[in-house]
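Remarks on the overall topology
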Amino acid sequence: MSIRHGLLALLERGPRYGSQLRTEFESRTGSTWPLNVGQVYTTLNRLERDGMVAQGGEDEAGHTLYTITDSGRAELRTWFEKPVDRTSPARDELAIKLAMAVGAPGVDIRNVIQSQRRHTVKAMQDYTRLKAQALLAVEGGGARERDDVAWLLVLEQLIFQTEAEARWLDHCESRLIRLSATAAAGAPGAAPAPAPDAPAARTAPDAPKTSDAPSTAAAPGAPAS
């Protein structure tokens, strides 16, 4: 997550102080990635060192204000225009866990998968409920409409992400069943293994589909669900 670019984007709207930047960042993203004030000021110090922000006096309450520089605006434009690099993906704890669970003594990897699936489906349902609330807020308009639209986009990304994770977990379970059957068939004296397509992948129970999420009530001009 690029905190520095997020702060630059907020500073482009005008001078801000540290805790104000933290509040606005969390409001824009629905506190999905909470920040602490220490992170904000550490990042501001680095941005100032790199010439992308500068201190611009104080407000009436004595807070030190930061402003974006021309160098910071150029960096922000480059960030917006450049695709997010996927050639070096971030470490995924779930993928690492399943990789390490394969063949681990005393670990039933299918239990690991099923436990994760239940958690993933619940998270998907929670995100879908939050999406309905965000849509109502967008339809209602108001002073926070920009933040509500931003939060809606973040929620929809989380829904797509958890849907993909649920499908991947189904695939992992099906793959392990097939590999187990293949191994059993190759054992000396083993009976013929069932056809590879016998164990069909299961769909996560009660998983809400993105197309079924309460996005059809979006007002004209609101982001499509």
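Residues numbered from 1 in each chain as written. Predicted model: local features only at pLDDT ≥ 70, side-chain atom pairs only at ≥ 80, totals over all residues. Heavy atoms only, no water.

1. Considering the overall build of the protein chain
- For the protein chain, the helix and strand inventory stands at seven helices and two strands.
- Along the chain direction, N to C, the helices and strands of the protein chain fall in the order α-α-α-β-β-α-α-α-α.
- A fraction of 61% describes how many contacts in the protein chain between residues 6 or more apart in sequence connect residues 24 or more apart.
- Put simply, the protein chain shows about 13,700 Å² of open surface, and 54% of that area lies on carbon and sulfur atoms. (Helix = DSSP H or I, 4+ residues; strand = E, 2+ residues; numbered from the N terminus. Contact = heavy atoms within 4.5 Å. Areas by Shrake-Rupley, 256 points an atom, 1.4 Å probe, with all protein chains shown as cover.)

2. Structural notes on the packing of helix α6 (residues 109-140) against helix α7 (residues 145-186)
- It is the contact of α6 with α7, at a shortest axis distance of 8 Å, that shows an interaxial angle of 160°. As summarised for this structure, α6 and α7 are arranged roughly antiparallel, according to the angle between their axes. In terms of crossing hand, the pair formed by α6 and α7 is left-handed.
- Split by residue class, the contact of α6 with α7 holds 21 nonpolar, five polar and 10 charged. (Axes fitted to C-alpha atoms, helices over the stretch in contact; angles between N-to-C directions. Parallel < 35°, antiparallel > 145°, perpendicular 65-115°, else oblique. Left-handed = near helix turned anticlockwise from the far one by under 90°. Nonpolar A, V, L, I, M, F, W, Y, C, P; charged D, E, K, R; others polar.)

3. Examining the pairing of strand β2 (residues 64-68)
- Looking at chain direction, strand β1 (residues 53-58) and β2 are connected through four bridges and run antiparallel. Its bridge partner being in β2, Glu58 is matched across the sheet by Thr64.
- Between β1 and β2, which pair antiparallel one after the other, the connecting turn spans five residues, and Gly62 there sits at a positive phi close to 90°. (Pairing = 2+ DSSP bridges.)

4. With respect to the confidence of the model for the protein chain
- Of the residues in the protein chain, 82% reach a pLDDT of 70 or more, and the chain-wide mean stands at 83.
- Taken together, the stretch residues 193-225 has pLDDT below 50 and engages in 58 contacts with residues farther than four places along the chain or on a different chain. (pLDDT = per-residue confidence, 0-100.)

5. What about the packing of helix α2 (residues 18-29) against helix α3 (residues 37-49)?
- Remark: α2 packs on α3, axes separated minimally by 9 Å, with the N-to-C direction vectors making an angle of 115°. In terms of their interaxial angle, α2 and α3 are classed as roughly perpendicular. You can see that α2 and α3 cross each other, and the crossing is right-handed. Facing Gly18, Ser19, Leu21 and Arg22 of α2, the residues of α3 in contact are Val37, Val40, Tyr41 and Leu44.
- For the contact of α2 with α3, the residue count by class is five nonpolar, two polar and one charged.

6. Considerations on the nonpolar core
- Core analysis: the largest hydrophobic core is formed by 16 residues, its most contacted members being Leu7, Leu8, Leu11, Leu21, Val40, Leu44 and Val53.
- Of all the secondary structure elements, the ones that give two or more residues to this core are α1 (3-11), α2, α3 and β2.
- Considering every element that reaches this core, the biggest residue donor is α1, with five residues.
- Here Val40 is in contact with Leu7, Gly18, Leu21, Arg22 and Leu35, once residues within four sequence places are set aside.
- Judged by nonpolar contacts, the second largest core, of eight residues, contains Leu152, Val154, Leu155 and Leu158. (Core = buried A, V, L, I, M, F, W, Y, C linked by side-chain atoms within 4.5 Å. Buried < 20%, exposed > 50% of the residue type's maximum accessible area, 1.4 Å probe, protein only.)

7. A word on the side chain of Thr29
- With respect to the element layout, Thr29 can be found in helix α2.
- By relative accessible area, Thr29 is classed as buried at 10%.
- Among the polar contacts made by the side chain of Thr29, one reaches the main-chain carbonyl oxygen of Phe25 at a distance of 3.0 Å.
- What Thr29 contacts, discounting residues up to four positions off in sequence, is Trp151 and Val154. (Polar contact = N/O pair within 3.5 Å; in protein donor to acceptor, adjacent residues only side chain to side chain.)

8. Brief notes about the pattern of salt bridges
- Scanning the entire structure with this criterion turns up 13 salt bridges.
- The partner of Arg4 in a salt bridge is Asp50, and the shortest N-O contact between them spans 3.7 Å. Of this pair, Arg4 sits in helix α1 while Asp50 sits in the loop between α3 and β1; the two residues are 46 residues apart in sequence, bridging distant segments of the chain.
- Judged by its relative accessible area of 25%, Arg4 is partly exposed.
- With relative accessibility at 33%, the residue Asp50 sits in the partly exposed group.
- A salt bridge links Arg117 to Glu173; the nearest nitrogen and oxygen atoms lie 2.9 Å apart. Taken together, the residues span a long stretch of sequence, with Arg117 in helix α6 and Glu173 in helix α7 at a distance of 56 residues.
- Using a relative accessible area of 3% as the deciding quantity, one classes Glu173 as buried. (Salt bridge = Lys/Arg side-chain N within 4 Å of Asp/Glu carboxyl O.)

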